[in-house]
Amino acid sequence: VEETLVLIKPDGVARNLTGEILRRIEAKGYQLVDIKLVEPSLELLAAHYEEHQGKPFYEPLVEFMQSGPVVAIRIAGNRVIEGFRSLAGTTDPTGAAPGTIRGDLGRDWGLKVQQNLVHGSDSPESAQRELGLWFG
Ligand code: ATP
(Lines give C-alpha, C1' and ligand atoms only; values in the text may rest on other atoms or scores of the structure.)
Protein backbone atom coordinates (compact mmCIF):
# COMPACT_ATOMS: atom_id res chain seq x y z
CA VAL A 1 0.00 0.00 0.00
CA GLU A 2 1.23 3.52 -0.81
CA GLU A 3 2.66 5.79 1.90
CA THR A 4 3.46 9.51 2.03
CA LEU A 5 5.04 12.06 4.34
CA VAL A 6 2.84 14.80 5.76
CA LEU A 7 4.30 17.65 7.80
CA ILE A 8 2.22 20.00 9.90
CA LYS A 9 4.40 23.09 9.61
CA PRO A 10 5.16 25.41 12.57
CA ASP A 11 2.19 27.69 11.77
CA GLY A 12 -0.23 24.76 11.97
CA VAL A 13 1.21 23.54 15.28
CA ALA A 14 1.34 27.08 16.76
CA ARG A 15 -2.28 27.73 15.76
CA ASN A 16 -3.40 24.49 17.47
CA LEU A 17 -4.59 23.03 14.17
CA THR A 18 -2.85 19.65 14.61
CA GLY A 19 -6.05 17.93 15.72
CA GLU A 20 -8.13 19.51 12.93
CA ILE A 21 -5.60 18.44 10.27
CA LEU A 22 -5.35 14.89 11.67
CA ARG A 23 -9.15 14.76 11.76
CA ARG A 24 -9.32 15.56 8.04
CA ILE A 25 -6.72 12.89 7.18
CA GLU A 26 -8.56 10.27 9.24
CA ALA A 27 -12.00 11.32 7.98
CA LYS A 28 -10.76 10.89 4.39
CA GLY A 29 -9.94 7.29 5.33
CA TYR A 30 -6.15 7.27 5.40
CA GLN A 31 -4.31 5.31 8.06
CA LEU A 32 -1.87 6.91 10.50
CA VAL A 33 1.26 4.73 10.53
CA ASP A 34 3.67 6.87 12.55
CA ILE A 35 3.68 10.37 14.06
CA LYS A 36 6.12 12.52 16.02
CA LEU A 37 6.85 16.09 17.10
CA VAL A 38 10.19 17.25 15.65
CA GLU A 39 12.44 20.30 15.88
CA PRO A 40 14.14 19.85 12.50
CA SER A 41 17.86 20.53 12.13
CA LEU A 42 19.28 22.73 9.39
CA GLU A 43 20.73 19.58 7.79
CA LEU A 44 17.34 17.87 7.68
CA LEU A 45 15.66 20.94 6.17
CA ALA A 46 18.45 21.46 3.62
CA ALA A 47 17.98 17.86 2.45
CA HIS A 48 14.18 18.09 2.52
CA TYR A 49 14.12 21.34 0.50
CA GLU A 50 17.14 20.47 -1.70
CA GLU A 51 15.23 21.35 -4.90
CA HIS A 52 14.55 24.90 -3.64
CA GLN A 53 18.13 25.82 -2.69
CA GLY A 54 19.05 29.11 -4.38
CA LYS A 55 15.45 30.31 -4.79
CA PRO A 56 14.50 33.66 -3.17
CA PHE A 57 12.13 32.02 -0.69
CA TYR A 58 14.60 29.30 0.39
CA GLU A 59 16.13 31.08 3.40
CA PRO A 60 12.82 32.46 4.72
CA LEU A 61 11.39 28.96 4.24
CA VAL A 62 14.11 27.25 6.29
CA GLU A 63 13.89 29.96 8.98
CA PHE A 64 10.10 29.53 9.14
CA MET A 65 10.46 25.73 9.39
CA GLN A 66 12.75 26.24 12.41
CA SER A 67 10.45 28.74 14.14
CA GLY A 68 8.72 26.03 16.18
CA PRO A 69 7.99 22.32 16.31
CA VAL A 70 6.72 20.40 13.28
CA VAL A 71 4.52 17.30 13.38
CA ALA A 72 5.83 14.61 11.01
CA ILE A 73 3.28 11.97 9.99
CA ARG A 74 3.54 8.78 7.93
CA ILE A 75 0.17 7.95 6.38
CA ALA A 76 -0.93 5.09 4.16
CA GLY A 77 -3.66 4.26 1.66
CA ASN A 78 -4.27 3.64 -2.02
CA ARG A 79 -3.21 6.78 -3.99
CA VAL A 80 -2.48 8.59 -0.70
CA ILE A 81 0.16 10.87 -2.30
CA GLU A 82 -2.35 12.34 -4.74
CA GLY A 83 -5.13 12.20 -2.16
CA PHE A 84 -3.31 14.16 0.50
CA ARG A 85 -2.21 16.83 -1.98
CA SER A 86 -5.85 17.19 -2.93
CA LEU A 87 -6.83 17.53 0.75
CA ALA A 88 -4.08 20.15 1.25
CA GLY A 89 -5.02 22.42 -1.66
CA THR A 90 -2.74 24.62 -3.76
CA THR A 91 0.52 26.07 -2.38
CA ASP A 92 -0.77 29.65 -2.06
CA PRO A 93 -3.45 29.55 0.65
CA THR A 94 -5.18 32.71 -0.61
CA GLY A 95 -6.38 30.95 -3.75
CA ALA A 96 -6.64 27.43 -2.37
CA ALA A 97 -10.14 25.98 -2.81
CA PRO A 98 -12.54 26.13 0.13
CA GLY A 99 -12.85 22.59 1.52
CA THR A 100 -9.09 22.09 1.49
CA ILE A 101 -6.78 22.45 4.51
CA ARG A 102 -5.05 25.52 3.07
CA GLY A 103 -8.26 26.98 1.63
CA ASP A 104 -10.24 26.66 4.86
CA LEU A 105 -7.54 27.36 7.43
CA GLY A 106 -4.79 29.38 5.68
CA ARG A 107 -4.29 32.94 4.45
CA ASP A 108 -1.56 35.35 3.35
CA TRP A 109 0.16 36.85 6.41
CA GLY A 110 2.24 39.32 4.38
CA LEU A 111 5.50 37.41 4.91
CA LYS A 112 8.28 36.35 2.53
CA VAL A 113 7.28 32.73 2.87
CA GLN A 114 3.91 31.16 2.25
CA GLN A 115 2.83 29.87 5.63
CA ASN A 116 0.59 27.18 4.28
CA LEU A 117 0.17 24.80 7.25
CA VAL A 118 1.16 21.49 5.68
CA HIS A 119 3.54 19.68 3.40
CA GLY A 120 2.81 16.52 1.44
CA SER A 121 5.23 14.57 -0.76
CA ASP A 122 4.52 15.09 -4.47
CA SER A 123 5.57 11.75 -6.04
CA PRO A 124 6.42 8.15 -5.07
CA GLU A 125 10.13 9.01 -5.37
CA SER A 126 9.90 12.06 -3.12
CA ALA A 127 7.70 10.15 -0.64
CA GLN A 128 10.35 7.44 -0.26
CA ARG A 129 13.14 10.00 -0.02
CA GLU A 130 11.31 12.23 2.49
CA LEU A 131 10.06 9.34 4.67
CA GLY A 132 13.69 8.21 4.88
CA LEU A 133 14.81 11.69 5.94
CA TRP A 134 12.15 12.24 8.61
CA PHE A 135 11.62 8.68 9.89
CA GLY A 136 14.93 6.95 9.05
P1 ATP B 1 4.82 21.55 0.02
O2 ATP B 1 6.01 20.98 -0.78
O3 ATP B 1 5.22 22.28 1.28
O4 ATP B 1 3.64 20.64 0.15
P5 ATP B 1 4.18 22.73 -2.39
O6 ATP B 1 4.62 21.47 -3.05
O7 ATP B 1 2.82 23.24 -2.67
O8 ATP B 1 4.24 22.71 -0.87
P9 ATP B 1 6.76 23.81 -3.13
O10 ATP B 1 6.78 24.42 -4.46
O11 ATP B 1 7.38 22.47 -2.90
O12 ATP B 1 5.24 23.87 -2.62
O13 ATP B 1 7.41 24.86 -2.12
C14 ATP B 1 7.73 24.48 -0.82
C15 ATP B 1 7.24 25.52 0.16
O16 ATP B 1 7.95 26.76 -0.04
C17 ATP B 1 5.78 25.92 -0.01
O18 ATP B 1 4.91 25.03 0.64
C19 ATP B 1 5.75 27.29 0.61
O20 ATP B 1 5.75 27.24 2.03
C21 ATP B 1 7.09 27.86 0.17
N22 ATP B 1 6.98 28.57 -1.10
C23 ATP B 1 6.90 28.02 -2.34
N24 ATP B 1 6.84 28.95 -3.29
C25 ATP B 1 6.93 30.14 -2.66
C26 ATP B 1 6.93 31.51 -3.08
N27 ATP B 1 6.85 31.84 -4.37
N28 ATP B 1 7.01 32.48 -2.14
C29 ATP B 1 7.09 32.16 -0.84
N30 ATP B 1 7.09 30.89 -0.36
C31 ATP B 1 7.00 29.91 -1.24
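Every value quoted in this text rests on a predicted model; they were computed, and no experiment measured them.

What counts as what
- Residues numbered from 1 in each chain as written.
- Predicted model: local features only at pLDDT ≥ 70, side-chain atom pairs only at ≥ 80, totals over all residues.
- Helix = DSSP H or I, 4+ residues; strand = E, 2+ residues; numbered from the N terminus.
- Buried ≥ 20, exposed ≤ 12 C-beta atoms within 10 Å, placed from the backbone.
- Near = placed C-beta within 6 Å.
- Nonpolar A, V, L, I, M, F, W, Y, C, P; charged D, E, K, R; others polar.
- Core = buried A, V, L, I, M, F, W, Y, C linked by C-beta atoms within 7 Å.
- UniProt positions renumbered as here; feature names shortened; annotations may be inferred.
- Contact = placed C-beta atoms within 7 Å.

Student: Can you tell me about unusual backbone geometry, naming the residues and giving the values?
Tutor: Positive phi values are uncommon outside glycine, yet Asn16 reaches one of about 60°. Within the secondary structure, Asn16 is located in the loop between helix H1 (10-14) and helix H2 (18-28). The phi torsion at Arg79 lies on the positive side, around 55°, for a residue other than glycine. Judged by the 12 C-beta atoms lying within 10 Å of it, Arg79 falls in the exposed class.

Student: Account for the environment of Trp109, naming residues and giving values.
Tutor: Tracing the backbone shows Trp109 in the loop between helix H6 (101-105) and strand S4 (118-120). Residues Trp109 and Gly54, 55 residues apart in the sequence, show an inter-C-alpha distance of 23 Å.

Student: Outline the site of the ligand, supporting the account with residue identities and numerical values.
Tutor: Near the ligand, the surroundings consist of Phe57, Leu61, Thr91, Val113, Gln114, Asn116, His119, Gly120 and Asp122. The residue inventory of the shell around the ligand, partitioned by class, reads three nonpolar, five polar and one charged.

Student: Go over the nonpolar core, please, and point to the residues and values.
Tutor: Counting 26 residues, the largest nonpolar core has Val6, Leu7 and Val118 as the members making the most contacts within it. Broken down by secondary-structure element, the contributors of at least two residues to this core are strand S1 (3-8), H2, helix H4 (58-65), strand S3 (70-76), helix H5 (80-88), H6 and helix H7 (124-135).

Student: Lay out the UniProt feature "active site" (unreviewed entry) in the protein chain with the relevant residues and their values.
Tutor: Taking the numbering used here, the UniProt-annotated feature "active site" (unreviewed entry) corresponds to His119. Structurally, His119 can be placed in strand S4. Those residues in contact with His119, other than ones at most four positions away along the chain, are Val6, Leu7 and Lys9.

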